[in-house]
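Descriptive structure summary
Residues per chain are reported as follows:
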Amino acid sequence: MNSINRISGVHTATYLPVDIAAEQQNARVYGNEPHPAGKIALGLESVSLSFGGVVALENIDLSVRPGEIRAIIGPNGAGKSSLINVISGVYRPDRGHVRIGHDRFTNVPTQKLVHLGVARTFQNLALFKGLSVTDNVMSGRAHKARSTFLGQIFGIGRSPSEEVDAHDRAAKILKFLNLTDVGNRLAGTLPYGLQKRVELARALVAEPALLLLDEPMAGLAEPEKVEMTKFIRAANREYGTTIVLIEHDIGVVMELSHYIAVFDYGRKIADGTPEEVRADQKVIDAYLGVAAENIDGGGI
Ligand SMILES: Nc1ncnc2c1ncn2[C@@H]1O[C@H](COP(=O)(O)OP(=O)(O)OP(=O)(O)O)[C@@H](O)[C@H]1O
Ligand SMILES: [Mg+2]
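This section reports on the structure supplied with the text. Model, not experiment: these values are computed from the prediction. (Residues numbered from 1 in each chain as written. Chains lettered and ligands numbered in written order. Predicted model: local features only at pLDDT ≥ 70, side-chain atom pairs only at ≥ 80, totals over all residues.)

Now for the overall build of the chain. Helix and strand content of the chain: 10 helices and 10 strands. Taking all 300 residues of the chain together, 42% fall into the buried category. (Helix = DSSP H or I, 4+ residues; strand = E, 2+ residues; numbered from the N terminus. Buried ≥ 20, exposed ≤ 12 C-beta atoms within 10 Å, placed from the backbone.)

Right under this line is the structure:
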């Protein structure tokens, strides 16, 4: 699917082929442009962050290449959300830098995030529950319009072409995520699983080159997880979106990810392919053994 045009003047996804199917898809979507060697979508360089005495992130290096799905896993409190909050500029690291495409920051300007080609979802849902699903999704394109954000939400001050464009894009994303039928419903009235999908729609409508997902499967029933997995993979393959995926469901992580970084007490203890990480004794000791026990015991 290449119906969504790339935003001019911001970072856009060029695809690093990670498997044959994706490479073929890439050829269709991006004209098979060769990937510049060494280019990264996202980089963390010696990033550290503390809250008082609590070390949330300790000297973290991370490189995510364009087109990759990179999972970040680890026990509760390992620093996963803190990492996304540093990447998205919610937290300023005590030390280190964040590279997003060609730009390098000590403090990512969170208000310019969408212009940098970055969108995110939140560990706890952050929808406008009293607005329709369509309006929620359109709010993800607020950066595209010249009028104010609230003006856009309520349809005040948005030029007719902006209005049509935002509606058009929202409609396409709603269709992509099978949400068209609930477009007019108030977001707060939807079942939790659908609200999680609306959050994904709101992030995707910004046409991000880099998508940060903080626990997209949390609270979902098994069939909803299967659907969400399908949509995340489709976003990666069909839009070429680079994805950083925080997730506790190990089955989903192993199925979706090209590479996995494992965190424990704010440190990165492993970083590699699913096979490498699965076989790593440090990871088994710190997390996978515990995760397996929790899964056996009814959930993590
Ligand atoms: N705003 C904050 N103020 C104080 N401490 C914080 C803050 N945010 C995170 N922390 C602490 O930093 C550490 C890492 O937290 P973080 O939320 O990044 O973990 P996580 O890996 O996302 O955990 P979970 O799987 O439970 O979501 C924890 O000890 C947490 O209590
Ligand atoms: Mg978290």
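The next subject is the pairing of strand β9 (residues 259-264). The pairing of strand β3 (residues 69-73) with β9 spans four bridges and is classified as parallel. Looking across to β9, one finds that Arg-70 is bridged to Tyr-259. Pairing of β9 with strand β10 (residues 267-272), which is carried by five bridges, proceeds in the antiparallel orientation. Bridging across to β10, Asp-264 finds its partner in Arg-267. (Pairing = 2+ DSSP bridges.)

Moving on, we come to the site of ligand 1. Around ligand 1, a shell composed of Phe-51, Val-54, Ala-56, Gly-74, Asn-76, Gly-77, Ala-78, Gly-79, Lys-80, Ser-81, Ser-82 and Gln-123 is seen. Looking at the shell around ligand 1 element by element, the count peaks at three residues for helix α2 (residues 80-87). The residue inventory of the shell around ligand 1, partitioned by class, reads four nonpolar, seven polar and one charged. (Near = placed C-beta within 6 Å. Nonpolar A, V, L, I, M, F, W, Y, C, P; charged D, E, K, R; others polar.)

With 13 residues, helix α6 (residues 192-204) extends 19 Å between its outermost C-alpha atoms, agreeing within 8% with the 18 Å of an ideal straight helix rising 1.5 Å per residue. The set of residues buried in α6 consists of Lys-196, Arg-197, Val-198, Glu-199, Leu-200, Ala-201, Arg-202, Ala-203 and Leu-204. (Expected span 1.5 Å × (residues − 1).)

Turning our eyes to something else, we now look at unusual backbone geometry. Of note, the phi angle at Asn-178 is positive, near 55°, even though the residue is not glycine. Notably, Glu-207 is not glycine yet its phi reads approximately 55°, a positive angle. Tracing the backbone shows Glu-207 in the loop between α6 and β7 (210-214). Among the residues examined, Glu-207 registers 23 C-beta atoms within 10 Å and is labelled buried.

All right, on to the sheet that holds β9 then. Here six strands make up an open sheet; going across it, the order is β6-β7-β8-β3-β9-β10 and the pairing mixed. Whereas interior strands pair on both sides, the edge strands pair on one side only; in this sheet they are β6 (118-120) and β10. When strand polarity is set aside, the average angle formed by the axes of neighbouring strands in this sheet is 15°. Relative to strand β8 (residues 242-246), β3 is paired through four bridges, and the arrangement is parallel. Along β8, the bridge assignment pairs Ile-72 with Ile-246. (Axes fitted to C-alpha atoms, helices over the stretch in contact; angles between N-to-C directions.)

For α2, the tally of buried residues reaches seven of eight residues, placing the bulk of the element in the interior. Of all the residues in α2, the buried ones are Lys-80, Ser-82, Leu-83, Ile-84, Asn-85, Val-86 and Ile-87. Backbone geometry just after α2 places Gly-89 at a positive phi near 80°.

Quick look at the sheet that holds strand β2 (residues 54-64) now. In space, the four strands of this open sheet follow the order β2-β1-β4-β5, with antiparallel pairing throughout. The open sheet terminates on both sides in strands that have one partner only, identified here as β2 and β5 (103-105). Direction aside, neighbouring strands of the sheet carry axes that sit 20° apart on average. In this structure, strand β4 (residues 95-100) lies alongside β5, joined through three bridges in antiparallel fashion. Residue Arg-99 lies in a different strand from β5, and its bridge partner there is Arg-104.

As for its position among the elements, Val-64 is in strand β2. The class for Val-64 is buried, based on 23 C-beta atoms found within 10 Å. Counting along the chain gives 36 residues from Val-64 to Ile-100, while the straight-line C-alpha distance between them is 9.8 Å. Residue contacts for Val-64: discarding those within four places in its chain leaves Ile-40, Ala-41, Leu-42, Arg-70, Thr-242 and Val-244. (Contact = placed C-beta atoms within 7 Å.)

Turning to the pairing of β8, a few remarks are in order. Among the five residues that make up β8, five are buried, leaving the element largely enclosed by the rest of the structure. What you see with β8 is no split at all: Thr-242, Val-244 and Ile-246 on one side and Ile-243 and Leu-245 on the other are buried throughout. Each parallel crossover has a hand, and the one from β7 via helix α7 (residues 222-239) to β8 is right-handed. (Right-handed = clockwise from strand over helix to strand, strands pointing away.)

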